[in-house]
Amino acid sequence: MDTHIEDQATKAQHPKKDKSLSSIVSFAIANLGGSALYMTFGTYFMIYVTTAMFTGVPAATANKLIAMITSLVFIIRIAEIFVDPILGNIVDNTNTKWGKFKPWLIIGGTISALLLIVLFSGVFGLSRMNPLWFTILFIPIFIIFDVFYSFRDVSYWGMVPALTEDSHERSIYTAAGNFTGFGQNIVTMIVVPVVTYFTFVFTGKHNEGQAGWTVFAAMIAVVAIICSFVVALGTHEKNNAIRQVTKKKTSLKEMFYGLAHNDQMLWTALPYLVYGFGNAATAGLMFYMFKYVLGQPGAFWISGIIPTIAGFFTSPLFPIINKYVPRKIIYCVSMISMILAYVIFIVSTDSLPMVIFGLVLYYVPQGFIFMTIILTLTDTIEYGQLKNGNRNEAVTLAIRPMLDKMSGALSNAIVGWVAVATGMTGTATAASITPAGIHLFKGVAFYAGLVLLILALVIYMTKVKVTEKKHAEIVEELQAKLASEGIEGDSSETVETNQSVTEFLTSPVEGVVQKLDEVEDETGHTGVPGNGFAVRPLDGHIYAPANGKIILSFTTKQTIGFVTDQGLELLIHVGLGTVNMRGEGFITHFVEGQQVKKGDLLLDFNRDLIKSRGYKDTVLILFTEQKKIDQENIEVGSGETVDVNHQVAKISFKR
């Protein structure tokens, strides 16, 4: 490699690494505030409702109001579940100079955070002063809060496939976001001492009172707003061809059709929903177990510190483990651990050491389960694109927060109902709870959760088929489809004039030129369909064969979509069967949309690693617009040993 190429490679690679690291850190920081806000509302709002919102209101009236709030929250959240895909479609169809997701991250994050304070103030104290006006205002405030929080959450996780096409980087983004999910665990650790402290500051009372809850909600809201701005300012959405090949605008009819016909997305969502129902019931009642069953509310912080510590290990470890262990195995082992935790909770809720052991088994695997589901759902985007023709990024990834909302609605309903039915409200203590109340508590929090987790495990293991290997096959089919139908997207900048044009290409790699019908694939079959040529490489470097623009890079890195300045679309496909390597052994030196010159370094690939995996390292150059090019108009030598400066093909085509 000459000095010019080395300098060019260095300039291309290092800024990209720095930019990727900054983007990953910014993405991770966002979930610190997002997860804290979700935990504050999803778990502790009903605790606030049952313990402080109606302080000073007669007990009978307070119980009626608690039941009313419980019912309203459940009904509204269930009703809004059907709105979430529509919100995802709005995000998918958003087109601004800041991208699809950033505007909704800022708008949704700010509005939902401000309304969190209003909700935790008892709607400015109306919950204690005027129940009628409280009820009238609570409904629209809650609906607006829920809608804008959903916009924020859908936009956040929907960004992942837009930030990178690289499979390994997707897992890093997901792990980074899950890592800072310890924001919810911090909430669990500090909620009681913070609320108690500020209640004492404002009232002189050592309990969890209204003033403490309002201040606590304000603290969480400030953090959530700051984090929303961090991710919006610190990330960059990529506009490559694979995101351009489908319709830019998706109608509601097309959206619902795509969701209904993406069976693998549905089968991935179902066990997560069932798991979420069981987990929500248990998590929502965890505080009550410490306060009313164990009689040790001061020890509740333990249920926050365990998942926090676990998150520091599980999130960084997931991409490493997943490199060698399939997602299905990770999911199975994680679910079995949680099932054992439920058994411990059922038989040993009177022993704090055993409860702590159960909490370890319960919380440690949750990060693995979450990341498995997110990555499987992400892979169903390409599955749906291949099957239905629509690439619904935000809509597909809106499914996960929609399911969380369903689980949260159930959790809110269960907490309110169980609290009233067991007498775990107001000034009650562990000593005042009857054996019947304890039995009912265990039945809802643990027995039901155990059954639901077993069901979720069975569904996922038997019905989810989009494994890592299957996703690689899907990407291969998408590549073949692009090769036969055209890449389109950015190439639309070239004006179609039906003018005859001739393009000259140099070899993208040093090696021996072959015709496509002479190529032997990894299975021993001879002949590759399509228009183009191949090169048996002598080294592991891919260079631009002409002046042009990068318009596509698949998650698996081994394929580059390229359009020349003359308007010729082509795919450079490194190796046969290499899609199964999911990016391992490939190093890119470009970003999508980058203008390059003939001879610029685009990609390094490890030939020895490819061969050791049983694949071929042959480089294919496929012309994608077959309607505009006939094989007879392609002049290419065969059997020649060429370097990257050698002209190997002359192509005549219409543009």
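What counts as what
Residues numbered from 1 in each chain as written. Predicted model: local features only at pLDDT ≥ 70, side-chain atom pairs only at ≥ 80, totals over all residues. Heavy atoms only, no water. Helix = DSSP H or I, 4+ residues; strand = E, 2+ residues; numbered from the N terminus. Buried < 20%, exposed > 50% of the residue type's maximum accessible area, 1.4 Å probe, protein only. Contact = heavy atoms within 4.5 Å. Areas by Shrake-Rupley, 256 points an atom, 1.4 Å probe, with all protein chains shown as cover. Salt bridge = Lys/Arg side-chain N within 4 Å of Asp/Glu carboxyl O. Axes fitted to C-alpha atoms, helices over the stretch in contact; angles between N-to-C directions. Parallel < 35°, antiparallel > 145°, perpendicular 65-115°, else oblique. Left-handed = near helix turned anticlockwise from the far one by under 90°. Nonpolar A, V, L, I, M, F, W, Y, C, P; charged D, E, K, R; others polar. Phe/Tyr/Trp six-rings, centres within 6.5 Å; stacked < 30°, edge-to-face > 60°. Pairing = 2+ DSSP bridges. 1 Å grid on protein atoms, 1.4 Å probe; cavity = no way out; pocket = protein on both sides within 12 Å on 5 of 7 lines; lining within 4 Å. Points joined across faces, edges and corners; volume = space filled by probe spheres on them. Expected span 1.5 Å × (residues − 1). Patch = residues over 30% accessible without salt bridge, like charges linked within 9 Å, V, L, I, M, F, W, Y side chains within 5 Å. Polar contact = N/O pair within 3.5 Å; in protein donor to acceptor, adjacent residues only side chain to side chain. pLDDT = per-residue confidence, 0-100.

**Looking at the overall build of the protein chain**
Point 1. Within the protein chain one finds 22 helices and 14 strands.
Point 2. Scored against the burial criterion, the 655 residues of the protein chain give a buried share of 61%.
Point 3. Considering only contacts within the protein chain whose residues lie at least 6 apart along the sequence, 80% involve residues at least 24 apart.
Point 4. Accessible surface for the protein chain amounts to roughly 25,300 Å². Of this, 63% is attributable to carbon and sulfur atoms.

**Some words on the pattern of salt bridges**
Point 1. In the structure shown here, the tally under the stated rule is seven salt bridges.
Point 2. One salt bridge connects D617 with R607, and the closest N-O pair in it is separated by 2.8 Å. Of this pair, D617 sits in strand β11 (residues 616–623) while R607 is found in helix α22 (residues 607–612), placing the two residues 10 residues apart along the sequence. Each member of the pair, D617 as well as R607, carries the same accessibility label: buried.

**Focus: the packing of helix α16 (residues 327–347) against helix α20 (residues 435–463)**
Point 1. Two elements in contact, α16 and α20, have axes separated by 10 Å at closest approach and are oriented at 160 degrees. Between α16 and α20, the angle falls in the class roughly antiparallel. Crossing angle aside, the handedness with which α16 passes α20 is left-handed. Judged by residue contacts, K328, Y331, C332, M335, I336, M338, I339, Y342, F345 and I346 of α16 engage K442, A445, F446, Y447, G449, L450, L453, I454, A456, L457, Y460 and M461 from α20.
Point 2. Its residues placed into classes, the contact of α16 with α20 shows 19 nonpolar, one polar and two charged.

**Observations concerning the packing of aromatic side chains**
Point 1. If you walk through the whole model with that rule in mind, you get 36 aromatic pairs.
Point 2. Between the aromatic rings of Y288 and Y292, the centroid separation amounts to 5.7 Å while the plane-to-plane angle is 25 degrees, which identifies the pairing as stacked. One end of the pair, Y288, and the other, Y292, are both in helix α14 (residues 286–293), four residues apart, so they sit about a helical turn from each other. Comparing Y288 with Y292 shows no difference in burial state: the two are buried.
Point 3. Their ring planes at 85 degrees and their centres at 5.9 Å tell us that Y342 and Y362 sit as a pair that is edge-to-face.

**Considerations on the pairing of strand β3 (residues 531–537)**
Point 1. Counting buried residues in β3 gives six out of seven residues, a clear majority hidden from the surface.
Point 2. Taken together, the five bridges between strand β2 (residues 511–515) and β3 define a ladder with antiparallel strand orientation. Its bridge partner being in β3, Q514 is matched across the sheet by A534.
Point 3. Two strands pair when backbone bridges link them, and β3 and β11 are joined in this way by five bridges, in the antiparallel orientation. In the strand pairing of β11, F533 is matched with I621.

**Some remarks on unusual backbone geometry**
Point 1. With phi around 50 degrees, V123 is a residue other than glycine that occupies positive phi space.
Point 2. Within the secondary structure, V123 is located in helix α6 (residues 122–129).
Point 3. A residue is classified by how much of its surface remains accessible, and V123, at 1% relative accessible area, is buried.
Point 4. We note that F124 has phi near 60 degrees; this positive angle belongs to a residue other than glycine.
Point 5. By secondary structure assignment, the location of F124 is in helix α6.
Point 6. Here F124 falls in the exposed class, since its relative accessible area comes to 61%.

**Focus on empty space enclosed by the protein**
Point 1. The tally for this structure, following the rule as stated, stands at seven cavities of 30 Å³ or more.
Point 2. As a volume, the largest cavity reaches approximately 950 Å³.
Point 3. Along the walls of the largest cavity sit 44 residues, with Y38, M39, Q184, N279 and Q366 positioned nearest its centre.
Point 4. No other element matches helix α13 (residues 263–284), which puts seven residues into the lining of the largest cavity.
Point 5. Residues that form the lining of the largest cavity fall into these classes: 19 nonpolar, 21 polar and four charged.

**As for the sheet that holds strand β9 (residues 595–596)**
Point 1. Taking strand neighbours across the sheet as the criterion, the eight strands line up as β9-β5-β6-β7-β11-β3-β2-β13 in an open arrangement whose pairing is antiparallel. Looking along the sheet, the strands with just one partner apiece sit at the ends: β9 and β13 (641–642).
Point 2. Bridging between strand β5 (residues 548–553) and strand β6 (residues 559–564) involves five bridges; their strand directions are antiparallel. If you follow K549 over to β6, its bridge partner there is V563.

**With respect to the sheet that holds strand β8 (residues 586–588)**
Point 1. Spatially, β4-β10-β8 is the arrangement adopted by the three strands of the open sheet, whose pairing is antiparallel. Of all the strands in the sheet, just β4 (541–543) and β8 have a single pairing partner and so form its edges. Between one strand axis and the next, the sheet turns by 20 degrees as a mean value, whatever way the strands run.
Point 2. As judged from the three bridges shared by β4 and strand β10 (residues 601–605), these two strands associate in the antiparallel manner. Of the residues in β10, the one forming a bridge with I542 is L603.

**A few points about α13**
Point 1. The terminal C-alpha atoms of α13 lie 31 Å apart, and with 22 residues this matches the ideal 32 Å at 1.5 Å per residue to within 8%.
Point 2. By the criterion of burial, α13 is predominantly enclosed, with 16 of the 22 residues buried.

**So, a nonpolar patch on the surface**
Point 1. On the surface, a nonpolar cluster with roughly 660 Å² of combined accessible area is contributed by I309, F312, F313, L317, I320 and Y324.
Point 2. For I320, the position within the fold is in helix α15 (residues 302–322).

**A word on the side chain of T564**
Point 1. Within the fold, T564 resides in strand β6.
Point 2. At 2.7 Å, the side chain of T564 and the side chain of E503 are in polar contact.
Point 3. Those residues in contact with T564 that sit more than four places away from it in its chain are E503, L505, A546, N547, G548 and L570.

**Things to note about the confidence of the model for the protein chain**
Point 1. Of the residues in the protein chain, 85% have a pLDDT of 70 or more, and the chain-wide mean is 81.
Point 2. Here residues 1–15 is modelled with pLDDT under 50, and outside its nearest four sequence neighbours on either side it reaches 16 contacts, counting other chains as well.

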